[in-house]
Amino acid sequence: MNQQKRKDLNLRLGNLILAISLATVPTAITYGTLSIHGLNICSNLNSKVSPSNKIKEMCDEAAWDTTKSYIILIGFFITLPTWMWFYLSMKKKEIYKK
């Protein structure tokens, strides 16, 4: 592998690691917000229909399961733009140095 390709690969991987670490906080905030939103929907639904602990428990479980199923997608859509921004910024810096 030539030196330039190796340097570009290192730049991409380094920026990806940085983007993943910095995207954990916004991903956690989004995950928490969606979880609270789902639980609020369940509370509102429970107050509108005949109150039953069984319905509330099932709804809460479904809300958590739905939110959990989107965690990878949320993380991806937060990490990808962060990574591209870091990568393009560093690439531009590298081009200006030459």
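Reading the values: rules and limits
Residues numbered from 1 in each chain as written. Predicted model: local features only at pLDDT ≥ 70, side-chain atom pairs only at ≥ 80, totals over all residues. Heavy atoms only, no water. Helix = DSSP H or I, 4+ residues; strand = E, 2+ residues; numbered from the N terminus. Buried < 20%, exposed > 50% of the residue type's maximum accessible area, 1.4 Å probe, protein only. Areas by Shrake-Rupley, 256 points an atom, 1.4 Å probe, with all protein chains shown as cover. Lys, Arg positive; Asp, Glu negative; His and termini not counted. Charge placed at Lys NZ, Arg CZ, Asp CG, Glu CD. Expected span 1.5 Å × (residues − 1). Bend = angle between axes of the 7 residues up to and from the residue. Polar contact = N/O pair within 3.5 Å; in protein donor to acceptor, adjacent residues only side chain to side chain. Core = buried A, V, L, I, M, F, W, Y, C linked by side-chain atoms within 4.5 Å. Contact = heavy atoms within 4.5 Å.

### Considering the overall build of the protein
Helix and strand counts for the protein come out as 3 helices and 0 strands. Element order for the protein, N to C, with α for helix and β for strand: α-α-α. Expressed as lengths along the three principal axes of its C-alpha atoms, the size of the protein is roughly 70 × 25 × 15 Å. Here the protein holds 98 residues, and 21% of them are scored as buried. When the accessible surface of the protein is split by element, carbon and sulfur atoms take 68% of a total near 7,500 Å². Side-chain charges in the protein split into 13 positive and 6 negative, and the spacing between the mean points of these groups amounts to 17 Å.

### Section: helix α1 (residues 3-48)
The end-to-end C-alpha distance of α1 is 66 Å, a good match for the 68 Å that 46 residues give at a rise of 1.5 Å each. Of all bends in α1, the biggest is about 35°, found at T24, and the proline P26 comes one to four residues later. Among all positions in α1, only D8, L11, N15, A19, A23, T27, S35, G38, C42 and N46 are buried. By the N-cap criterion, in which a side-chain oxygen at the helix start approaches the backbone nitrogen of a residue two or three places on, α1 is capped by N2, the distance to K5 being 2.8 Å.

### What to know about the nonpolar core
L11, A19, W83, F86 and Y87 form the largest nonpolar core, which has 5 residues in total. For this core, the secondary structure elements donating two or more residues are α1 and α3 (71-97). Residues contacting F86, with those up to four places away along its chain left out, are N15, L18, A19 and L22.

### Side note on the environment of K56
Position of K56 relative to the elements: it lies in helix α2 (residues 53-69). By relative accessible area, K56 is classed as partly exposed at 25%. Sequence separation between K56 and E94 is 38 residues, and the spatial gap between their C-alpha atoms is 56 Å. Apart from residues no more than four positions distant in its own chain, K56 is found in contact with S43 and N46.

Shape is all these values report; function is a separate question.
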